[in-house]
Amino acid sequence: MALLEVKNVSRSFGGVQAVNNVSFEVNEGEIVGLIGPNGAGKTTMMNLISGLIKVNEGEIRFQGARLTGLKPHAIAHKGIARTFQIVKPFQGMTVRENVMMGALFRSDLRGLKGSAVKNIVDEALELLELDRRAEAPVEELNLAQRKHLELARAMAMGPKLLLLDEVMAGLNLKEIERLMELVRKLNARGVTILVIEHVMKAVMGLSKRVLVMHHGSLIAQGPPEVITQDPKVIEAYLGKRRHKGLHKEAR
Amino acid sequence: MDLQVIINGILLGGLYGLAAVGFSLIWGVMNIVDLAQGAYLTLGAYITFWLFKLWGIDPFLTLPVSALILFGLGFLIESQIIKRVLRYGFVMLLVVTYGLNLLLQNAMLVAWSADYRSVTPAYSGAGLNIGGVNIPYIRLALFIAALLLVGLLTIFLNKTRVGNAIRATALNRLAANLVGIRTEFIYALTYSLAAAVVGMAGSLISMVYTVSPNLGGAFMTKIFVVTVLGGFGSLPGAVLGGLILGITEAFTASYIAPGLMNAVSFILLVVILIFRPQGLMGKQFYGA
Amino acid sequence: MNNSAVARRRFPLSIVVLLAAVVILAILPFYIRGYWIRVLTTLFMSAVLAEALNLVVGYAGYAAFGNGVFFGLGAYTTAVLMTRFGWSFFPAMIASCFLAATVAFLLGWPVLRLRGHYFAIATIGINMAVMEIVTYVGITGGGKGISLPLFPGDIVKQGLFFYYGMFILLIISVAITYWIANSRLGYGLRAIKTEPEAAEVMGVNTTLYKVLAWSISAAITGIAGSLNAYWLTFLEPLFVFDIMISVEAFVMVLLGGPATIFGPVIGAFFLKLLSELIWSQFTLIHMGVLGLIIVVITLFLPSGIMGLWRQMTLRWNKANTARTSPGSQ
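Predicted model only: the values in this text are computed from it and were never measured. (Residues numbered from 1 in each chain as written. Chains lettered and ligands numbered in written order. Predicted model: local features only at pLDDT ≥ 70, side-chain atom pairs only at ≥ 80, totals over all residues. Heavy atoms only, no water.)

1. Describing the overall build of chain B
Point 1. Within chain B one finds 11 helices and 2 strands.
Point 2. Traced from its N-terminal end to its C-terminal end, chain B shows the element sequence α-α-α-α-β-β-α-α-α-α-α-α-α.
Point 3. By the compact-globule yardstick of 19 Å for 288 residues, chain B fits well, its C-alpha radius of gyration being 18 Å.
Point 4. By principal-axis analysis of the C-alpha atoms, chain B measures approximately 60 × 45 × 35 Å.
Point 5. Evaluated residue by residue, chain B yields a buried proportion of 56% over its 288 residues.
Point 6. If you take every contact in chain B between residues at least 6 apart in sequence, the share linking residues at least 24 apart comes to 76%.
Point 7. Within the structure as shown, chain B displays about 11,200 Å² of accessible surface, and the carbon and sulfur contribution to it stands at 68%.
Point 8. On chain B, the mean spot of the 14 positive side-chain charges and the mean spot of the 7 negative ones are 12 Å from each other. (Helix = DSSP H or I, 4+ residues; strand = E, 2+ residues; numbered from the N terminus. Rg over C-alpha atoms; globule rule 2.2 N^0.38 Å. Buried < 20%, exposed > 50% of the residue type's maximum accessible area, 1.4 Å probe, protein only. Contact = heavy atoms within 4.5 Å. Areas by Shrake-Rupley, 256 points an atom, 1.4 Å probe, with all protein chains shown as cover. Lys, Arg positive; Asp, Glu negative; His and termini not counted. Charge placed at Lys NZ, Arg CZ, Asp CG, Glu CD.)

Here it is, written out as structure tokens:
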């Protein structure tokens, strides 16, 4: 049984079909990439999984149990964490408090007391290389650090599945490589990862399997080498005229 | 339903609509709930009262004076205070405009006392009588004046360059800035314009209500209801909201109980907010 | 707690100051006259209202501009129960507390879905609607007002009863705020204030938390209203449902510092003492001066007294903090 099963899921806004009859699975331990041109419905897909948007048709299952219809906080309690494309740090808190937010509301821990929370927070801070900034107000972090914070918060939730919504966007090459290394590290700790990415290099380097969305539909899936050669995918990205290197164009 | 009740409601509703237009405009363009509008309305009413009382100027002719003075005051307040508070977010703006309202209201109290005063031009008693329905001339004139003013403002927003700039700023301040609109100026202009409009509403209102420093406070709550009914930022919405509120009030007073008139409109406010926060006509400032 | 919040590092000093303040205020009535006992009682009440409002405005970030409705509801519940049904004060007070909390709990589910201006206006609408209904309904005495039974005992005893009543209520509301600030509820609320979606996907039941915060706020406000009603022995809708009650509390919260434990109390003491000492004689311009103070605060002290303090300490800490970390180039 797959960890996450998305079955014939559709969602429209007004007359626009943002996600159209999409089905896929994510297996335990995988890093799966979800790519597609702007407006393909990737972020909508992520919002559907985390429950911020309601599914019109179809269903989503996690560890065999239905997620569809649950509130986002209940979905979080089941072990799904996510980051946001536009980072959402809790202003007015320190970096440590931000990460603590992840640990505080876990269903397997109750309350603030005890060293359990502290240990989890320390570990997440260290893992994402934020330990030296722990007591700083979150407003002082730069973009790269904020992206790390998003990940640290999510990791403090002790997730089984981590949804990464364009964590690489806006970072420079060096920062991207560093973050890719970290994502692999998280995966090595047993966290299954679904990653939406515009940065082709990152998604191709990270995932063994890639899903491609276009106009709300899933048009292809497979290993990165195969996907980049798929005429449908090339067409979706570049239009019909040109067939040059996908890497260069999309970055 | 009694025709007279409907007519009364409609005539009153026109004034409510005009009173709410400035508030609605500021909310739609600047995303500010301007609690000082009540004081501007009161000031407009006093301007008409004093011009009428001291020099016998016809109340309708005082409208431009009200508009000019309030425009100036609005400009001063926007550029000296509101502009500086914008970056602190809506709670601060709510509080600062309430503070301004207290300050202005108190200033009027000190200057002109709490006495109730009224504007009574010679023609204020007369009226039309059609088939048992009584329509006072002055109420009819106020209604028409209110509609005319809202109409002029609508034309201004839709047909002029500046009006278009205001609407563009309402949609997206950043984008408006990028295409070369001086949004800081647009904010000041919008605020002053809104103050001028509500000041004129106050001038008109002074002809049928007694004028005192508390006049604006009573109207402020009506302005809320009207704006929420019509959807903020929408001028036709404000007029529609005004008419609905006017008719609801007249209906409640005649058929349920006069004492529940305000209760019903406040309950209407909360219910609309809960079930249709975008207003009955939706958020359609750009379609105004 | 993980000694994380900056404020808690100065724990020992602040606890000494706090204990001293409590002791002084507890024995003060034996040294001052009736007038100052009354002033302090009012002051405690304002601080209670500000502290209660702080939970909603400061922590959750919801502009409850009409929170005074619970003050009025508490006052009228006590008045009606004591006058019409012959209840004694304490049961009536507890009933007032429960009624206020229940109303907030029930209204909270639909109304707290509204954000920003909409919520602010909705609470004003609720405040006015309840006032109009109380004015209309016969059992409350309507617009003419209602008289409560007098406090048994002489005027000195009466003064002390309400002084200590309000004082204890203030201590309780500060304790509740302290508890909330250091609990999951407090962290959840602060998260909701800036990023409700992120809070939700991190496992915070945002709707429930907001409703809880509002209900607790309403319960405290309701008790304050109840005590105040018994103290005044005469109520009018226009007085206890005045929007000014909420607005003053708002100013105290902003002046002291929203989302701080003692900020609202400091704000209340500051504003009330200032008002008592300086312009209580000039009743004509009281409102105008308050308006002026509001404008001045928003222009020059937008983060409040505690915020100013915090900024200064942060700047101090910053100088001593290492700067190396990921991504900095």
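2. Overview of the arrangement of the chains
Point 1. Counting contacts across all 2 pairs of chains found in contact, the highest total belongs to chains A and C.
Point 2. Chain A makes no contact with chain B; the smallest distance between any of their C-alpha atoms is 14 Å.

3. Looking at helix α13 (residues 286–300) of chain C
Point 1. Over its 15 residues, α13 of chain C runs 21 Å from end to end, which matches the ideal 21 Å to within 8%, given 1.5 Å per residue.
Point 2. Within α13 of chain C the residues assigned to the buried category are G288, L290, G291, I293, I294, V295, I297, T298 and L299 of chain C. (Expected span 1.5 Å × (residues − 1).)

4. As for the interface of chain B and chain C
Point 1. Opposite the 40 residues of chain B that make contact, chain C presents 40 residues.
Point 2. For the pair chain B and chain C, the summed buried area comes to about 3,500 Å², and 84% of that belongs to carbon and sulfur atoms.
Point 3. Connecting chain B to chain C are 0 salt bridges.
Point 4. Counting the contacts that link chain B with chain C gives 4 residue pairs in polar contact (both at pLDDT 80 or more).
Point 5. Listing elements by their share of the side of chain B that touches chain C, those giving two or more residues are α1 (3–30), α3 (63–85), α4 (90–112), α9 (215–230) and α11 (261–275) of chain B.
Point 6. Top element by residues in the side of chain B that touches chain C is α4 of chain B. It accounts for 14 residues.
Point 7. Class assignment for the residues of the side of chain B that touches chain C results in 33 nonpolar, 6 polar and 1 charged. (Buried area = accessible area lost by both parts, 1.4 Å probe. Salt bridge = Lys/Arg side-chain N within 4 Å of Asp/Glu carboxyl O. Polar contact = N/O pair within 3.5 Å; in protein donor to acceptor, adjacent residues only side chain to side chain. Nonpolar A, V, L, I, M, F, W, Y, C, P; charged D, E, K, R; others polar.)

5. Looking at the packing of α3 of chain B against α4 of chain B
Residues and elements named next belong to chain B.
Point 1. Two elements in contact, α3 and α4, have axes whose closest approach is 9 Å; the angle formed by their N-to-C orientations is 150°. The orientation of α3 with respect to α4, classified from their angle, is roughly antiparallel. For the element pair α3 and α4, the recorded crossing hand is right-handed. Contacts between α3 and α4 involve I77, I81, I82 and V85 from the former and M92, L93, V96, T97, L100 and L104 from the latter.
Point 2. Grouping the constituent residues of the contact of α3 with α4 by class yields 9 nonpolar, 1 polar and no charged. (Axes fitted to C-alpha atoms, helices over the stretch in contact; angles between N-to-C directions. Parallel < 35°, antiparallel > 145°, perpendicular 65-115°, else oblique. Left-handed = near helix turned anticlockwise from the far one by under 90°.)

6. Describing the confidence of the model for chain A
Point 1. Averaged over every residue, the pLDDT of chain A is 86; residues scoring 70 or more account for 93%.
Point 2. Note on residues 243–251 of chain A: pLDDT is under 50 here. Beyond four places in sequence and across chains, it has 13 contacts. (pLDDT = per-residue confidence, 0-100.)

7. Here we look at the pairing of strand β10 (residues 217–222) of chain A
Point 1. Where strand β9 (residues 209–214) of chain A lies against β10 of chain A, 5 bridges are found, and the strand directions are antiparallel. Paired with L211 of chain A across the strands is Q221 of chain A, a residue of β10 of chain A. (Pairing = 2+ DSSP bridges.)

8. Focus on the domain arrangement of chain A
Residue and element names in this part refer to chain A.
Point 1. On domain assignment, one finds that chain A holds domain 1 (4–79 + 159–250) and domain 2 (91–158).
Point 2. For domain 1 versus domain 2, the distance between C-alpha centres works out to 25 Å.
Point 3. Across the boundary between the two partners, domain 1 contributes 19 residues, which contact 15 residues of domain 2.
Point 4. Between domain 1 and domain 2 lies a buried interface of about 1,500 Å² when both sides are counted; carbon and sulfur atoms form 69% of it.
Point 5. At the junction of domain 1 with domain 2, the criterion picks out 2 salt bridges.
Point 6. R189 is the salt-bridge partner of E123, the closest N and O atoms lying 2.2 Å from each other.
Point 7. On inspection of domain 1 and its partner domain 2, the count reaches 6 residue pairs in polar contact (both at pLDDT 80 or more).
Point 8. Those elements giving two or more residues to the side of domain 1 that touches domain 2 turn out to be α2 (72–77), β7 (161–165) and α6 (173–188).
Point 9. The residue makeup of the side of domain 1 that touches domain 2, split by class, is 11 nonpolar, 2 polar and 6 charged. (Domains from an automatic or database assignment.)

9. Here we look at the sheet that holds strand β1 (residues 4–13) of chain A
Each strand in a sheet pairs with its neighbour through backbone hydrogen bonds, running either in the same direction (parallel) or in the opposite one (antiparallel).
Residues and elements named next belong to chain A.
Point 1. With antiparallel pairing, 4 strands are arranged side by side in an open sheet as β2-β1-β4-β5. Each having just a single partner strand, β2 (16–26) and β5 (65–66) make up the two edges of the open sheet.
Point 2. Strand direction decides the pairing type here: β1 and β2, joined by 7 bridges, are antiparallel. Bridging from a neighbouring strand, F13 pairs with V16 of β2.

10. Digging into helix α11 (residues 243–256) of chain C
All names here are of chain C.
Point 1. Under the 1.5 Å per step criterion, the end-to-end length of α11 is 20 Å for 14 residues, consistent within 8% with the ideal 20 Å.
Point 2. Judged by how many residues are buried, α11 sits mostly within the fold: 14 of 14 residues are covered.
Point 3. Among the residues of α11, the N-terminal cap falls to D242, whose side-chain oxygen and the backbone nitrogen of M244 are separated by 2.9 Å.
Point 4. Looking one or two residues past α11, G257 carries a phi angle of roughly 130°, positive in sign.

11. With respect to the side chain of S173 of chain C
Point 1. Mapped onto the elements, S173 of chain C comes out in helix α6 (residues 155–181).
Point 2. In this view, S173 of chain C contacts V48, E51 and I220 of chain C; residues no more than four positions away in its chain are not counted.

12. Some details on the sheet that holds β10 of chain A
All names here are of chain A.
Point 1. Pairing in this open sheet of 6 strands is mixed, and the strands run β6-β7-β8-β3-β9-β10 from one edge to the other. Sheet topology places β6 (80–82) and β10 at the edges, where each strand pairs with a single neighbour. The average angle at which neighbouring strand axes cross in this sheet is 20°, direction not considered.
Point 2. Note: strand β3 (residues 31–35) against β9, 4 bridges, orientation parallel.

13. A closer look at the confidence of the model for chain B
Point 1. Per-residue confidence for chain B averages 87 on the pLDDT scale, and 96% of its residues sit at or above 70.
Point 2. The low-confidence segment residues 284–288 of chain B, where pLDDT is below 50, has 15 contacts with residues more than four positions distant or belonging to other chains.

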